[in-house]
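# Breakdown of the fold
Below, each chain spelled out in residue letters.
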Amino acid sequence: MIKNLFPSPIYYAPLVAKGFKQLNHELLDESLKFRKIDDAGIKWSEYNYRGGYTSYGSIAHLHQVSTTFEELRKEIDKHVRKYIKYLEMDVNPKQIQMCSCW
């Protein structure tokens, strides 16, 4: 007898059907702007992420302060809803929300 225990369905799909280069460009541009003005993030990164920058320690909700990152959240949400539907989870996909985006 063979049983499947703990199967791991992996969801894989392009984030956006069209305009991914434009979205990537806008995300990069926006990220570089935050890197210049985020004093708290720069200070946090000096100690925790030497040689790089992350807004993890300062602006962990970029999707709430940037329309560009809000667009990213919307695209991700589309895929999350598809995956939840596939998994037949007993949850309303609208209740699943991005809480951090850095």
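The structure we're discussing is the one just above.
Residues numbered from 1 in each chain as written. Predicted model: local features only at pLDDT ≥ 70, side-chain atom pairs only at ≥ 80, totals over all residues. Heavy atoms only, no water.

### A short note on helix H1 (residues 20-37)
- Relative to the 26 Å expected for 18 residues at 1.5 Å per residue, H1 spans 26 Å between its end C-alpha atoms, a close match to the ideal helical length.
- Among all positions of H1, only Leu23, Leu27, Glu30 and Phe34 are buried. Each buried residue of H1 sits inside an arc of 70° when the element is viewed along its axis, so together they form one side. Turned more than 90 degrees away from the buried face of H1, the exposed residues are Lys21, His25, Leu28 and Lys36.
- Contacts from the buried residues of H1 go to helix H3 (62-65) and helix H4 (67-87). (Helix = DSSP H or I, 4+ residues; strand = E, 2+ residues; numbered from the N terminus. Expected span 1.5 Å × (residues − 1). Buried < 20%, exposed > 50% of the residue type's maximum accessible area, 1.4 Å probe, protein only. Arc of directions from axis to C-beta. Contact = heavy atoms within 4.5 Å.)

### Let's talk about the packing of aromatic side chains
- Under the counting rule described, the total for this entry stands at 3 aromatic pairs.
- For the pair Tyr56 and Trp102, a centre-to-centre distance of 4.8 Å together with 70° between the ring planes defines the contact as edge-to-face. Within this pair, whereas Tyr56 is found in the loop between helix H2 (39-48) and H3, its partner Trp102 is found in the segment after H4, the two being separated by 46 residues in sequence.
- By way of ring pairs, the aromatic residues Trp44, Tyr56 and Trp102 are connected into one cluster. (Phe/Tyr/Trp six-rings, centres within 6.5 Å; stacked < 30°, edge-to-face > 60°.)

### Looking at the side chain of Thr68
- With respect to the helices and strands, the residue Thr68 is situated in helix H4.
- Contact partners of Thr68, with chain neighbours within four places excluded, come to Leu23, Glu26, Leu27 and Glu30.

### Side note on the environment of Gly52
- By the secondary structure assignment, Gly52 is in the loop between H2 and H3.
- In this structure Gly52 comes out as partly exposed when scored by relative accessible area, which is 25%.
- Residues Gly52 and Ile37 lie 15 residues apart in sequence; the distance between their C-alpha atoms is 15 Å.

### Quick notes on the packing of H1 against H4
- Packing of H1 against H4 brings their axes to within 9 Å, and their N-to-C directions diverge by 135°. As judged from the angle between their axes, H1 and H4 are oblique. As for the relative orientation of H1 and H4, their crossing is left-handed in sense. Of the residues in H4, those touching H1 at Leu23, Glu26, Leu27, Glu30 and Ser31 are Thr68, Phe69, Glu71 and Leu72. (Axes fitted to C-alpha atoms, helices over the stretch in contact; angles between N-to-C directions. Parallel < 35°, antiparallel > 145°, perpendicular 65-115°, else oblique. Left-handed = near helix turned anticlockwise from the far one by under 90°.)

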